[in-house]
Amino acid sequence: MGKRKKSSRKPTAARRKDPLDTTFTCLFCHHENSVIVKLDRKEGIAQLVCKVCDQRFQSKVNHLTEPIDIYSEWIDAADHAAKEEERRAQRRPVASSSRARPVGPPSVGSDDE
């Protein structure tokens, strides 16, 4: 046995989708709403530009890409670049002395023979 149909049910209103942001805070100059994302779907390219410090980023776009996706990619790329720079700084060889090693008879107990 099934339930009875209620005649007092009213149709529910469709949920309203809030639009996503297209302006964001800059990672480098920290100004709010200074970063603008422009999507060119025909060309398949997105451009992100800060109006204050003129920082720029470009990325590929598909039909599902939104401005927040490009901003997130920019954050990831900036983090990756910072980590790479940190790794390079750790790998740099220590400057060696300009003096040559003394040439002479090996000392007693040394491994040089």
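Described below are features of the structure shown in this document.

## As for the overall build of the protein chain
And step 1. Check the secondary structure of the protein chain and you find one helix and four strands.
And step 2. Residue burial in the protein chain is summarised as follows: out of 113 residues, 15% are buried.
And step 3. Partitioning the intrachain contacts of the protein chain with sequence separation of at least 6 by distance along the chain shows that 30% fall at a separation of at least 24.
And step 4. With an accessible surface of roughly 10,800 Å², the protein chain has 49% of that area assigned to carbon and sulfur atoms.

## Some points on the packing of aromatic side chains
And step 1. Scanning the model with the defined rule gives three aromatic pairs in all.
And step 2. When the centroid spacing of 4.4 Å and the interplanar angle of 15 degrees are considered together, the rings of Phe-24 and Tyr-71 count as stacked. Of the two residues, Phe-24 is situated in strand β1 (residues 23–24) and Tyr-71 in helix α1 (residues 67–91); the sequence distance between them amounts to 47 residues.
And step 3. Phe-24 gets classed as buried once you look at its relative accessible area, which sits at 7%.
And step 4. Geometrically, the ring pair formed by Tyr-71 and Trp-74 is tilted, given 5.9 Å between the ring centres and 55 degrees between the ring planes. You can see Tyr-71 and its partner Trp-74 sitting in helix α1, three residues apart, about one turn around the helix.

## Comments concerning α1
And step 1. Between its terminal C-alpha atoms α1 stretches 36 Å, which fits the 36 Å expected from 25 residues at 1.5 Å a residue.
And step 2. For α1, the full list of buried residues reads Pro-67, Ile-70, Tyr-71 and Trp-74.

## Thoughts on the nonpolar core
Generally speaking, soluble globular proteins have nonpolar side chains that are buried together.
And step 1. Residues Phe-24, Cys-26, Val-35, Val-37, Ala-46, Leu-48, Cys-50, Phe-57, Val-61, Ile-70, Tyr-71 and Trp-74 constitute the largest nonpolar core, which totals twelve residues.
And step 2. Only β2 (35–40), β3 (45–50) and α1 provide two or more residues apiece to this core.
And step 3. For Phe-24, the contacting residues outside a window of four places in its chain are His-31, Glu-32, Asn-33, Ser-34, Val-35, Val-37, Pro-67, Ile-68 and Tyr-71.

## A look at the pattern of salt bridges
And step 1. As enumerated under the stated definition, the model contains two salt bridges in all.
And step 2. Its salt-bridge partner being Arg-56, residue Asp-54 comes within 3.2 Å of it at the nearest N-O pair.
And step 3. Residue class for Asp-54 comes out partly exposed when judged on its relative accessible area of 47%.
And step 4. Arg-56 gets classed as exposed once you look at its relative accessible area, which sits at 53%.
And step 5. Put simply, Glu-84 and Arg-87 hold a salt bridge, and the shortest N to O gap is 2.7 Å. Taken as a pair, Glu-84 and Arg-87 lie in helix α1 at a separation of three residues, close to a single helical turn.
And step 6. Glu-84 gets classed as partly exposed once you look at its relative accessible area, which sits at 24%.

Rules and cut-offs
- Residues numbered from 1 in each chain as written.
- Predicted model: local features only at pLDDT ≥ 70, side-chain atom pairs only at ≥ 80, totals over all residues.
- Heavy atoms only, no water.
- Helix = DSSP H or I, 4+ residues; strand = E, 2+ residues; numbered from the N terminus.
- Buried < 20%, exposed > 50% of the residue type's maximum accessible area, 1.4 Å probe, protein only.
- Contact = heavy atoms within 4.5 Å.
- Areas by Shrake-Rupley, 256 points an atom, 1.4 Å probe, with all protein chains shown as cover.
- Phe/Tyr/Trp six-rings, centres within 6.5 Å; stacked < 30°, edge-to-face > 60°.
- Expected span 1.5 Å × (residues − 1).
- Core = buried A, V, L, I, M, F, W, Y, C linked by side-chain atoms within 4.5 Å.
- Salt bridge = Lys/Arg side-chain N within 4 Å of Asp/Glu carboxyl O.

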